[in-house]
Amino acid sequence: MAAGELEGGKPLNGLLNALAQETFHGHPGITEELLRSQLYPEVPPEEFRPFLAKMRGILKSIASADMDFNQLEAYLTAQTKKQGGITSDQAAVISKFWKSHKTKIRESLMNQSRWNSGLRGLSWRVDGKSQSRHSAQIHMPVAIIELELGKYGQESEFLCLEFDEVKVNQILKTLSEIEESITTLISQPN
Amino acid sequence: DCWALIRRRLFETRNTLVDFQWKLGMAVSSDTCRSLKYPYVAVMLKVADRSGQIKTKCFEMTIPQFQNFYRQFKEIAAVIETV
């Protein structure tokens, strides 16, 4: 097999994109055969399969370690030196891919590891309760908050909450305690 | 979907908040990512519907999500004060 057929460039970038979609972003269903025929039509299936597995393994290792650019360079250099490793052209394509997709992949990994519901959205309005001539009710504004919650890969659930002004301020106090905790955590040395 | 939104707004149960518990956690590692390293805020709400029945709802927020949540609450407080 000519090494040139599996060289870097656009096909490898496309392959890495497809692998990322499948492995991290939860969009499986891109078959090996489809990838091969679209990106590497000249390469026979029995050679494409180990190549795909190798690229998948490399991408998973990089993502799992959340490599910074120094670690990435060291890792890819080591891969170019091993038996059955990658070429330096391929290393360059992988490096460029990770640099531009790192944030998004990391976000997907974070979402995948959260097994509770996440907060997908929040909308609110404030209603003023008007006084009726038959009731002694005083004008009392009310905040109506709708939380959109959802587990990874599942449909959203909506939770509607009503708060009066006193309650809003109580929550605000709690939220400021949380913020203080976060500040303390972030300012602590690792 | 516009109709779903209208249906939701018209028929949704209004709950009141009975309790708000929270914790600040740090996800360190997982089977898919050995180096996760991200802090998150986990919240447990106890809410009561109009009949008084109490339900528990749990959810998590990343730090940026929490900061947005906090900012929106400050806006609500500012508005509710002026109404």
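Residues numbered from 1 in each chain as written. Chains lettered and ligands numbered in written order. Predicted model: local features only at pLDDT ≥ 70, side-chain atom pairs only at ≥ 80, totals over all residues. Heavy atoms only, no water.

Taking an unreviewed UniProt entry as the reference, chain B is identified by name as COMM domain-containing protein 6 belonging to Saimiri boliviensis boliviensis. In its Function (unreviewed entry) section, UniProt records this for chain B: "Scaffold protein in the commander complex that is essential for endosomal recycling of transmembrane cargos; the commander complex is composed of the CCC subcomplex and the retriever subcomplex. May modulate activity of cullin-RING E3 ubiquitin ligase (CRL) complexes. Down-regulates activation of NF-kappa-B. Inhibits TNF-induced NFKB1 activation." Annotation of chain B in UniProt includes, under Sequence similarities (unreviewed entry), the sentence "Belongs to the COMM domain-containing protein 6 family." (UniProt positions renumbered as here; feature names shortened; annotations may be inferred.)

The name an unreviewed UniProt entry assigns to chain A is COMM domain-containing protein 1, from the organism Saimiri boliviensis boliviensis. Recorded under Sequence similarities (unreviewed entry), the UniProt text for chain A is reproduced unchanged: "Belongs to the COMM domain-containing protein 1 family."

Draft legend 1. The overall build of chain B, seen in detail. Counting secondary structure elements, chain B contains 2 helices and 3 strands. In terms of overall size, chain B is more extended than a compact globule, its C-alpha atoms giving a radius of gyration of 17 Å where 83 residues would be expected to give roughly 12 Å. In terms of its C-alpha atoms, chain B occupies a principal-axis envelope of roughly 45 × 30 × 30 Å. A total of 83 residues make up chain B; the buried ones form 40% of that total. (Helix = DSSP H or I, 4+ residues; strand = E, 2+ residues; numbered from the N terminus. Rg over C-alpha atoms; globule rule 2.2 N^0.38 Å. Buried < 20%, exposed > 50% of the residue type's maximum accessible area, 1.4 Å probe, protein only.)

Draft legend 2. The packing of aromatic side chains, seen in detail. Summed over all chains, the structure comprises 8 aromatic pairs over all chains. Seen from their ring centres, phenylalanine 163 of chain A and phenylalanine 73 of chain B are 5.7 Å apart, and the 90° between their planes marks the pair as edge-to-face. One end of the pair, phenylalanine 163 of chain A, is in strand β3 (residues 157–164); the other, phenylalanine 73 of chain B, is in helix α2 (residues 63–82), on a second chain. By relative accessible area, phenylalanine 163 of chain A is classed as buried at 3%. By relative accessible area, which is 3% here, phenylalanine 73 of chain B ends up buried. Ring geometry for tyrosine 38 of chain B against tyrosine 40 of chain B: centres 6.2 Å apart, planes inclined by 55°, an arrangement best described as tilted. There is no split in this pair, since tyrosine 38 of chain B and tyrosine 40 of chain B are both buried. Through a chain of ring-to-ring contacts, three or more aromatic side chains come together here, namely Phe163 of chain A together with Phe59, Phe69 and Phe73 of chain B. Note that lysine 99 of chain A overlies the ring of phenylalanine 69 of chain A, its terminal NZ or CZ placed 5.3 Å from the centroid. The positively charged end of lysine 74 of chain B is found above the aromatic ring belonging to tyrosine 70 of chain B, 4.0 Å away from the centroid. (Phe/Tyr/Trp six-rings, centres within 6.5 Å; stacked < 30°, edge-to-face > 60°. Lys NZ or Arg CZ within 6 Å of the ring centre and 35° of its normal.)

Draft legend 3. View of the domain arrangement of chain A. Under the domain assignment used here, chain A contains domain 1 (9–113) and domain 2 (117–131 + 138–187). Computed over C-alpha atoms, the centres of domain 1 of chain A and domain 2 of chain A are 41 Å apart. (Domains from an automatic or database assignment.)

Draft legend 4. Focus on the state of the cysteines. All told, the structure shown has 0 disulfides over all chains when counted by the stated rule. Sulfur of cysteine 58 of chain B: no disulfide; nearest cysteine sulfur belongs to cysteine 160 of chain A and is 19 Å away. Given a relative accessible area of 32%, cysteine 58 of chain B falls into the partly exposed group. (Disulfide = S-S within 2.5 Å.)

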